[in-house]
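A closer look at the structure
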Amino acid sequence: MRSPSGRRGPGNPSAEQRARRAFGLLVLACLTIITLDARAGAGSPLSPVRSVVGNVLGPVETATAAGFRPFTDLGDALRTNQGLRKDVSALETENARLRQQAATQPLDRKRLAELDGLTRTVADTGYSLVAAQVVAIGPMQSFSRTVTLDAGTSSGVRKDMTVLNSDGLVGRVISATRSTATVLLIVDSDSVVGGRLGTNLEIGFLRGRGSAGTDGRLDLDLVDNSVVPSKDDVVVTWGSKDGVPYVAGIPIGRVESVVSSPRQSSRLAVIKPFVDFTALDVVAVVVPKGTQGDRPVLTAGAPR
Amino acid sequence: MTALRGSAVGALVCLAVVAQVVVFRYVAIDGVVPDLALVLVVVAAIDRGPQFAAVLGFAAGMLLDLAPPADHVAGRWALALVVVGYLSGRVRQDARSSAFTAVLVVGAGSFVGTSLFAFSGVLLGDGAVPVDEMLRVIVTSVLWDLLLAPLLVPVLLWLLGSLRPARERALHESARVLG
């Protein structure tokens, strides 16, 4: 199958030869780019290109997500009055039950307050938050669990900031452009979070397994090998200096099971995260106090 | 005029990449979405041949590597898609004969592309996941692409066909009549 141009002299290569040449050149280009990016690490020559592409495609992603939102919200709009009434009565019942619990279990509340006081220092109370929406999720084919937020440096969001939602810790910001930020989820296999067990305050490191589905789990390695984590114990962030990249006291998950591996002579606790990573929508980025930006900064606790 | 056609193809690539991370996340199976960019490259190979597809694969792959929220080493998707574009361009004569073979080529391309990407990750130690998880992701994405190929291939063939320069289109038509 040779095209008519294939019978020209050596000066005029055939289509097949040209394709082969182009293929060779492009593979070489790819290998060069991979080498440059993999070797250089943080100071990669690709990072300016990355931020330019992010600056251009980020807003496109945000706009597409906004344009697509009416379709995903359609489920809510189609609910009947009857259904809403049912929801209200269900919520009222639940509210009453929770109220009762809160009233009858002051002991637990006291313990919780104590624990809170232990795990958080005074300076840590009252985080400032910037709310953002998840507009894009990296495909699993890329084997890294990252999402794009619609808030960037113009809202005060910068690299190495903690991202959480109402359930618990989501991840940390690994790069930010003017209007978007990329977040590494804690279930990613590259993510390591310092964690603390809620009951005995033992510290350890949580590593993601790379899967974000309903079976997404974290592995907890305790620093002290003699400690046995108990099932259903809550793990919170341990926090690092100046809250970079994780602030202290954010709930991460619950101990699901404890496996002892004979090879490492240590116990591995499997943590089920509180956050449902398949249904991420509204999240908050922890920003330093007094951050100024183009969107409102929420401060934890009631304004006084 | 060619610049206009080029930018139209570029817009198509951008659309595929953005739709992959924004729109298709709502239907993702355990985080695996259809590889729209890969399907586009395979269809371009069937329609235009290996050289065009390899260049398009490079462009689409770089965009996948650099657009947020990508975090892996840049160039990995580009390498995978260049190979996919070139290989499917080599079998284009068979793939053009029937829609069924075109769908099969998409499936094979999807397998080669995701496997190459996974393999380069293992080599570089970039985003390592257990092998069983890797295989599950590859199989799921091949099934996704096979599922969507019967819908996407005719649409993309028509789109790329209408973006073809007039002179080449005439050649193409005559080749189809002759061949």
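Just so we're clear, the structure is a prediction, and the values are computed from it rather than from any experiment.

1. Focus: the overall build of chain A
Helix and strand counts for chain A come out as four helices and 13 strands. Within chain A, buried positions represent 35% of all 304 residues. Considering only residue pairs separated by 6 or more positions, chain A has 58% of its internal contacts joining residues 24 or more positions apart.

2. Examining the interface of chain A and chain B
Each partner contributes to the interface: chain A provides 51 residues, whereas chain B provides 46 residues. Elements with a contribution of two residues or more to the side of chain A that touches chain B: helix 1 (15–40), helix 2 (47–77), strand 1 (128–137), strand 2 (146–149) and strand 5 (181–185) of chain A. By residue class, the composition of the side of chain A that touches chain B is 30 nonpolar, 16 polar and five charged.

3. Considerations on the environment of Ser 89 of chain A
Tracing the sequence through the fold places Ser 89 of chain A in helix 3 (residues 81–104). Sequence separation between Ser 89 of chain A and Ile 252 of chain A is 163 residues, and the spatial gap between their C-alpha atoms is 31 Å.

4. Quick word on the environment of Asp 294 of chain A
Residues and elements named next belong to chain A. By secondary structure assignment, the location of Asp 294 is in the loop between strand 12 (282–287) and strand 13 (297–299). Sequence spacing of Asp 294 and Gly 152 is 142 residues, and the spatial spacing of their C-alpha atoms is 9.8 Å. Not counting the four nearest positions on each side in its chain, Asp 294 is found in contact with Ser 154 and Ser 155.

5. Details of the pairing of strand 6 (residues 192–197) of chain A
All names here are of chain A. Across five bridges, strand 6 lies against strand 7 (residues 203–208) in antiparallel orientation. Pairing of Gly 195 across the sheet is with Gly 204, part of strand 7. Linking two consecutive strands that pair antiparallel, namely strand 6 and strand 7, is a turn of five residues; a positive phi of about 60° is found at Leu 201 within it. Two strands pair when backbone bridges link them, and strand 6 and strand 9 (residues 234–237) are joined in this way by three bridges, in the antiparallel orientation. What sits directly across from Leu 197, in strand 9, is Val 235.

6. Some remarks on the confidence of the model for chain A
All names here are of chain A. A residue-level look at chain A finds 80% of positions with pLDDT of 70 or above and a mean pLDDT of 78. When pLDDT is averaged over each element of chain A, strand 5 comes out on top at 92 and helix 4 (residues 106–119) at the bottom at 52. Every residue in residues 1–9 is under pLDDT 50, and counting partners more than four places away or in other chains gives eleven contacts. Below a pLDDT of 50 lies the segment residues 117–125, which in the model reaches eleven contacts outside its immediate sequence neighbourhood of four places, other chains included.

7. Brief notes about helix 2 (residues 36–48) of chain B
Residues and elements named next belong to chain B. Over its 13 residues, helix 2 extends 18 Å from the first C-alpha to the last, a length consistent with the 18 Å expected when each residue adds 1.5 Å. With 13 of its 13 residues buried, helix 2 lies for the most part within the structure. Just downstream of helix 2, Gly 49 is the residue with a positive phi angle, here 105°.

8. Overview of the confidence of the model for chain B
All names here are of chain B. Mean pLDDT over chain B: 85, with 91% of residues reaching 70 or higher. When mean pLDDT is taken per element in chain B, helix 4 (residues 76–90) scores highest with 94 and helix 8 (residues 166–178) scores lowest with 57. In the model output, the complex is listed with pTM 0.75 alongside ipTM 0.82.

9. Comments concerning the nonpolar core
Grouped together as the largest cluster of nonpolar side chains are 115 residues, with contacts concentrated most on Val 285 of chain A together with Ala 37, Leu 40, Val 41, Ala 60, Leu 81 and Val 82 of chain B. Among all residues touching Val 285 of chain A, those that are not within four sequence positions of it are Leu 129, Val 130, Ala 132, Ala 151, Val 157, Met 161, Val 163 and Val 173 of chain A. Counting residues in hydrophobic clusters, the runner-up holds six residues, among them Ala 28, Val 32, Val 33 and Val 137 of chain B.

10. Focus on the packing of helix 3 (residues 50–66) of chain B against helix 4 of chain B
Residue and element names in this part refer to chain B. Packing of helix 3 against helix 4 brings their axes to within 7 Å, and their N-to-C directions diverge by 160°. The pairing of helix 3 with helix 4 is recorded here as roughly antiparallel in orientation. In terms of crossing hand, the pair formed by helix 3 and helix 4 is right-handed.

11. Some thoughts on the packing of helix 1 of chain A against helix 4 of chain B
For the pair helix 1 of chain A and helix 4 of chain B, interaxial distance at closest approach is 8 Å and the crossing angle is 165°. Judged by the inter-axis angle, helix 1 of chain A sits roughly antiparallel to helix 4 of chain B. Crossing handedness for the pair helix 1 of chain A and helix 4 of chain B: left-handed. Across from Ala 19, Phe 23, Leu 26, Val 27, Cys 30, Leu 31, Ile 33 and Ile 34 of chain A in helix 1 of chain A, the residues of helix 4 of chain B making contact are Arg 76, Ala 78, Leu 79, Val 82, Tyr 86 and Gly 89 of chain B. Of the residues that constitute the contact of helix 1 of chain A with helix 4 of chain B, the class distribution is twelve nonpolar, one polar and one charged.

12. Things to note about the environment of Val 84 of chain B
Its place among the elements puts Val 84 of chain B in helix 4. Contact partners of Val 84 of chain B, with chain neighbours within four places excluded, come to Leu 38, Val 41, Val 42, Gly 57, Gly 109, Val 112 and Gly 113 of chain B.

13. Topic: the pairing of strand 2 of chain A
Residue and element names in this part refer to chain A. Because side chains alternate across strand 2, one face comprises the buried residues Thr 146 and Thr 148, and the other comprises Val 147 and Leu 149, equally buried. The pairing of strand 1 with strand 2 spans three bridges and is classified as antiparallel. Bridging across to strand 2, Ile 137 finds its partner in Val 147. When strand 2 meets strand 5, the two strands line up antiparallel, connected through four bridges. Across the sheet, residue Thr 146 finds its bridge partner in strand 5, namely Leu 184.

Rules used in this analysis
- Residues numbered from 1 in each chain as written.
- Chains lettered and ligands numbered in written order.
- Predicted model: local features only at pLDDT ≥ 70, side-chain atom pairs only at ≥ 80, totals over all residues.
- Helix = DSSP H or I, 4+ residues; strand = E, 2+ residues; numbered from the N terminus.
- Buried ≥ 20, exposed ≤ 12 C-beta atoms within 10 Å, placed from the backbone.
- Contact = placed C-beta atoms within 7 Å.
- Nonpolar A, V, L, I, M, F, W, Y, C, P; charged D, E, K, R; others polar.
- Pairing = 2+ DSSP bridges.
- pLDDT = per-residue confidence, 0-100.
- Expected span 1.5 Å × (residues − 1).
- Core = buried A, V, L, I, M, F, W, Y, C linked by C-beta atoms within 7 Å.
- Axes fitted to C-alpha atoms, helices over the stretch in contact; angles between N-to-C directions.
- Parallel < 35°, antiparallel > 145°, perpendicular 65-115°, else oblique.
- Left-handed = near helix turned anticlockwise from the far one by under 90°.

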